[in-house]
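Notes for the structure review
This is what each chain is made of:
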Amino acid sequence: MKILITGSTGLIGKQLLDHLKGHELVLLTRNIEKAQSSLAHLALPHVDFISDLSSLSDLNNIDTVINLAGEPIADKKWTRKQKKIISDSRCKLTEQLAQLCLASTTPPRCFISGSAIGYYGDNGQKDIDEDTKIISADFAHQVCQQWENKALQAQSKNTRVCIIRTGVVLSPLGGALKKMLLPYKLGLGGPIGNGKQYLSWIHIDDMVYGILHLMTQEESQGIYNLTAPHPVSNRLFSQTLAKTLKRPHFLFTPNIIIKGILGEASVLLTDSQRVRPKRIVHEGFKFRYSRIESALKQLLS
């Protein structure tokens, strides 16, 4: 297949590329030289880099689009300027891709586009799946909803659209887990607040295989939660991480400190989201790491 990928140098993108070496790849990246250097270790045999979409008038020669690009949501405080960067980096590019699909006489058969479980907001102990209805003015929800709506514009009788609402992706190479490792190794790790808020996580391998499942299953379309079947409380996650690293676990971080550091973005750590991947499980997808204990043991071994 010929596959157009955005966000290929990110945590998920790099891991995904390693499984797509047999395909012809077109990678959209803002900095081609930097991307080539970042991905050189993969030795991709069939790859082209493009820096923008302006050279394309359609996607007639593309079989699949995998759209993972977006400004990291947790790296900076959510100032008004940063919120615009976060939103534009997702919505504008996704709309461009959708319009190129619609302009094609033989459009891509599959359009997989990112989203996040931030769509669901804070739901306490309540179980959430793809059918859960949410009305919220929260920034994360609003961004996810707009992002998804842009992607769904690409849907037609020729193109099936799969939206992936991603949980916290666990990998020692980047993302949340990498940031946590040093304080936990120093014995300074612990739950946030009372630790009762739910964390919906997914092992990087399951994230990649989930995308491959949606890419190859011709019946798959619509909204999918890509999270492990067993979300855990922040306290249990913290205890398990400390135990896996053989480190003490007695500290905690008050919510007020997190809010002081991150501002409005603190909801990423304090909101509770107990998300279930109902649809992909019903389609027969088997998670390799459904429990946090086995996931962390494998990731940190």
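Residues numbered from 1 in each chain as written. Predicted model: local features only at pLDDT ≥ 70, side-chain atom pairs only at ≥ 80, totals over all residues. Heavy atoms only, no water.

For any pair of aromatic rings, the description rests on two quantities: the centre-to-centre distance and the angle between the ring planes. The tally for this structure, following the rule as stated, stands at three aromatic pairs. Their ring planes at 65° and their centres at 5.0 Å tell us that W78 and F139 sit as a pair that is edge-to-face. Of this pair, W78 sits in the loop between β4 (64–67) and α3 (80–102) while F139 sits in helix α4 (residues 139–152), placing them 61 residues apart in sequence. Comparing W78 with F139, the two get one shared label, buried. Taking the centre distance of 5.4 Å and the plane angle of 85° together, the rings of Y119 and Y120 count as edge-to-face. Residue classification places Y119 among the buried positions, given a relative accessible area of 10%. In this arrangement the basic side chain of R165 is found over the ring face of Y119, its NZ or CZ atom lying 3.7 Å from the centre. A cation over an aromatic ring shows up here: R279 above the ring of Y224, its NZ or CZ 4.3 Å from the ring centre. (Phe/Tyr/Trp six-rings, centres within 6.5 Å; stacked < 30°, edge-to-face > 60°. Helix = DSSP H or I, 4+ residues; strand = E, 2+ residues; numbered from the N terminus. Buried < 20%, exposed > 50% of the residue type's maximum accessible area, 1.4 Å probe, protein only. Lys NZ or Arg CZ within 6 Å of the ring centre and 35° of its normal.)

Glancing now at the pattern of salt bridges. One pass over the full model with this rule turns up 14 salt bridges. Where D63 meets R109, a salt bridge forms, and the shortest distance between an N and an O atom there is 3.3 Å. Linking D63 in the loop between β3 (47–50) and β4 with R109 in the loop between α3 and β5 (110–116), this pair joins segments that are 46 residues apart in sequence. In this structure D63 comes out as partly exposed when scored by relative accessible area, which is 22%. K179 serves as the salt-bridge partner of D75, at 3.0 Å between the closest nitrogen and oxygen. Of this pair, D75 sits in the loop between β4 and α3 while K179 sits in helix α5 (residues 175–185); the two residues are 104 residues apart in sequence, bridging distant segments of the chain. Taken together, the shared-partner salt bridges connect K84, D88 and K92 into one network. (Salt bridge = Lys/Arg side-chain N within 4 Å of Asp/Glu carboxyl O.)

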